[in-house]
Amino acid sequence: MTELVRDTAFGHALHLITRGKVMTFEEERDPSIWKRYVDKEKSGRMAHHGHTGEEEKETKKGDDTESPDRRTRNGDGDNGNTAGQNQNGGVLDRNTRRSSETRLGSVDDGQQRNAVSGVPVDPEKGRDVSVVTWYGDNDPENPLNWSTPKKFFVTGMICLLTFSVYIGSAIYSAGTQEITMVFGVSQVAATLGLTLFVAGYGLGPMIFAPMSEIPQIGRNPIYIGTLVVFVFFQFGVIYAKNFGMLLAFRFLTGFFGSPVLATGGASLADMYRPAKRAYAIGIWGLAAICGPVLGPLVGGFASQHKGWQWPIWELLWLSGFALIVLIVCLPETSSANILYRRSRRLRKLTGRTDLKRKPEIAGEQMTIKDIAMMTLIRPFSLTFTEPILFLLNLYIALIYGLLYIWFESFVIVFIDIYGFNLGLEGLSFVGILVGGFVVIGPFFAYLYFFQEPQFNENGELKPEKRLPPAFVGAFCIPICLFWFGWTANKSVHWIVPIIGSSFFTIGAFCLFNSVLNYLGDAYPEYAASVLAGNDFFRSSFGAGFPLFATAMYKKLGVGGASSLLGGLSIVFIPIPFVLYKYGERIRKASKRARHDL
């Protein structure tokens, strides 16, 4: 329990206030063990040629040299590449180590040497740095080595945060009818409170997700800091004096609540190896589904009896509770940040300024322009220059847009056609939730019996092997929309369209999990930016589509409008099939995608 709390915001505060007397780390109890945290091999490489990968050999004219990104994938990572290992993760044998040291050490005496490795520091390329890393494959501070109960608990915390934010979009919609009367605006204008919230949590990750990858920041300060603002800005919504103030605070709460919606998957990837990551992403996805589905149910009864402000009070209470729990119980999962803080402690304890970790060394050479490119430009440039990203982001954005425009039809179907009141109309969304619980069992069975055996001995899987569940999901979306649209009339029992609605969850669940895992495997060096771009794309569609939902359903009718949406989803069905067949060829033609699988 101490190890869990020690790396939380609460634990860090206690450690700071008590000056390290409470929540102490192992190296603080025994500073003499600092050498076991230093990678001798990488430190020697830094001294010899200035980076932690293998030295680039001279190539013949016309040959391609290894790019920095490729070099990073081959040897500069932290996870699984600890002291005494080569760049491919294998243990260096005695002959290899001796020949390496002989080659690197054959210089004149008197030259400056790296204290840890004994390797002379090359005056042109070398740097005298001792590289801090995990002390072995079983270092307990490495999130990949956490116990299974701890991983499950932290996954639950990420799901709680996700649910607490995601419910904020749809919980507002229960009060839109009263908002039109209170502020004297149209139904479309009242819908802006939903769309601006969604737009906010599409824009936020473009800034916050890349920031969470910076070692000096990590994930927790982003999660906790933005959640504090999210909670307190709910008061601005509740006590809005005019409609403009209401819309402004709805956008801001969406913006500051957004980080987990894109970075939550990265937090899970910090803890789970690729073979098990899809299970965690699946649970996280189910938590994300529960938010917008339960929002109308929770908000419907509150709005019906207490007014439009009460759903926002419920959001405030839920997110406030999550904030308190996460401050005490959510540990940092970013290995980059954990190792950064370890190197900082070691420098303080030993007085050695040469103790640094790899991203720190790279960060020292970054300019303000480089940081701006990484945090602001890269997510957009990746999306619009990589065909794989553009197609999949467009597809997922369409599904997201269809979800929010389809949600607007529930009022027409279950209140206008079936005569439900506002509270009961919220219950009609339960079919969507049931679909999530129905699909997760077969999906996990597929992962266990079919996908896991395809991983190689290094725990890696060709990214395209992640896509088969999307084949099923692609067909479930139009099935749902046609079923729902043409059974929603008084001559058919209300349970029939509700049953049909469950297929949307099955389809969206399979598509989202396949695509997010595929993107993470195909672009491992740019995962945060890739996921941020995906979130921006889908949130843009989710924000815009509801604005014309009511007009479309009234003009075309429920059947016609649903058929139009279903037909649009059919157009995109070939995308996962095409990428399954040609994705590897497209990846290998890309400068940024992974080529070694």
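**Student:** Help me out: how do you make sense of the overall build of the chain in this one?
**Tutor:** Across its full length, the chain holds 26 helices and 2 strands. Put simply, the chain has 597 residues, and 56% of those count as buried. A separation of at least 24 residues holds for 77% of the contacts in the chain among residues at least 6 apart in sequence. Just so you have it, the chain exposes about 25,000 Å², and 63% of that area is on carbon and sulfur atoms.

**Student:** Explain the confidence of the model for the chain to me, please; I cannot follow it from the model alone.
**Tutor:** Regions with low pLDDT carry predicted coordinates that are not meant to be interpreted in detail. For the chain, mean pLDDT is 83; residues scoring 70 or higher make up 90% of the total. Contacts for the low-pLDDT stretch residues 58–77, under 50 throughout, to residues beyond four places or in other chains number 35 contacts. Counting contacts from residues 79–108, a segment whose pLDDT is below 50, to residues more than four positions away or on other chains yields 51 contacts.

**Student:** In this structure, what is going on with the pattern of salt bridges? I would like to understand it.
**Tutor:** A side chain with one charge can pair with a side chain of the opposite charge if their charged atoms come near. In the structure shown here, the tally under the stated rule is 18 salt bridges. Of the charged contacts in the structure, one is a salt bridge between R594 and D596, with a shortest N-O distance of 2.6 Å. Here the residues in one salt-bridge network are D139, E141 and R342, joined through shared partners.

**Student:** Mind showing me how you'd approach the packing of helix α10 (residues 220–238) against helix α12 (residues 259–271) here?
**Tutor:** The angle between the axes and the distance between the axes are what describe a pair of packed helices. Two elements in contact, α10 and α12, have axes whose closest approach is 11 Å; the angle formed by their N-to-C orientations is 155°. By the angle class used here, α10 and α12 are roughly antiparallel. Of the two possible hands of crossing, α10 and α12 adopt the one that is left-handed. On the side of α10, the interface is formed by I222, Y223 and T226, while α12 contributes P259, V260, T263, G264 and S267.

**Student:** Any chance you could explain a nonpolar patch on the surface here in plain terms?
**Tutor:** On the surface, I207, M373, L376 and I377 cluster together to form a nonpolar patch covering roughly 320 Å² of accessible area. The leading source of residues in the nonpolar patch is helix α17 (residues 368–385), at 3 residues. Mapped onto the elements of the fold, L376 is located in helix α17.

**Student:** It is not clear to me how the environment of I405 should be interpreted in this structure. Could you clarify?
**Tutor:** With respect to the secondary-structure elements, I405 resides in helix α18 (residues 387–407). Judged by its relative accessible area of 0%, I405 is buried. C-alpha of I405 to C-alpha of S562: the two residues are 157 residues apart in sequence and 9.8 Å apart in space. Excluding residues that lie within four positions of it along the chain, I405 makes contacts with F545, F548, A549, M552, Y553 and L565.

**Student:** In this structure, what is going on with the packing of aromatic side chains? I would like to understand it.
**Tutor:** Centre distance and the angle of the planes are the two values used to describe a pair of aromatic rings. Considering all chains together, one arrives at 50 aromatic pairs under this definition. Between F251 and F255, the aromatic rings sit 6.3 Å apart at their centres with planes inclined by 25°, giving stacked as the arrangement. With F251 and F255 both in helix α11 (residues 243–256) and 4 residues apart, the pair spans about one turn of that helix. Accessibility expressed as a relative area gives 26% for F251, which makes it partly exposed. With 5.1 Å between their ring centres and 80° between their planes, W406 and F410 make a pair best called edge-to-face. Here the aromatic cluster, defined as three or more aromatic residues joined through ring pairs, consists of Y400, Y404, W406, F407, F410, F414, Y418, F420, F429, F484, W494 and F504. When the ring centre of Y135 is taken as reference, the NZ or CZ atom of R36 above it lies at 4.0 Å.

**Student:** So what exactly am I meant to see when it comes to the nonpolar core here?
**Tutor:** Soluble globular proteins tend to bury their nonpolar side chains together. Core analysis: the biggest nonpolar cluster contains 128 residues, and L246, W406 and F504 have the highest contact counts within it. Ranked by residue count, the leading element in this core is α18, at 14 residues. Excluding residues within four positions of it along the chain, F504 makes contact with I399, L402, L403, W406, I477 and C480. Residues I33, W34, Y37 and L346 belong to the second largest nonpolar core, which totals 7 residues.

What counts and what doesn't
Residues numbered from 1 in each chain as written. Predicted model: local features only at pLDDT ≥ 70, side-chain atom pairs only at ≥ 80, totals over all residues. Heavy atoms only, no water. Helix = DSSP H or I, 4+ residues; strand = E, 2+ residues; numbered from the N terminus. Buried < 20%, exposed > 50% of the residue type's maximum accessible area, 1.4 Å probe, protein only. Contact = heavy atoms within 4.5 Å. Areas by Shrake-Rupley, 256 points an atom, 1.4 Å probe, with all protein chains shown as cover. pLDDT = per-residue confidence, 0-100. Salt bridge = Lys/Arg side-chain N within 4 Å of Asp/Glu carboxyl O. Axes fitted to C-alpha atoms, helices over the stretch in contact; angles between N-to-C directions. Parallel < 35°, antiparallel > 145°, perpendicular 65-115°, else oblique. Left-handed = near helix turned anticlockwise from the far one by under 90°. Patch = residues over 30% accessible without salt bridge, like charges linked within 9 Å, V, L, I, M, F, W, Y side chains within 5 Å. Phe/Tyr/Trp six-rings, centres within 6.5 Å; stacked < 30°, edge-to-face > 60°. Lys NZ or Arg CZ within 6 Å of the ring centre and 35° of its normal. Core = buried A, V, L, I, M, F, W, Y, C linked by side-chain atoms within 4.5 Å.

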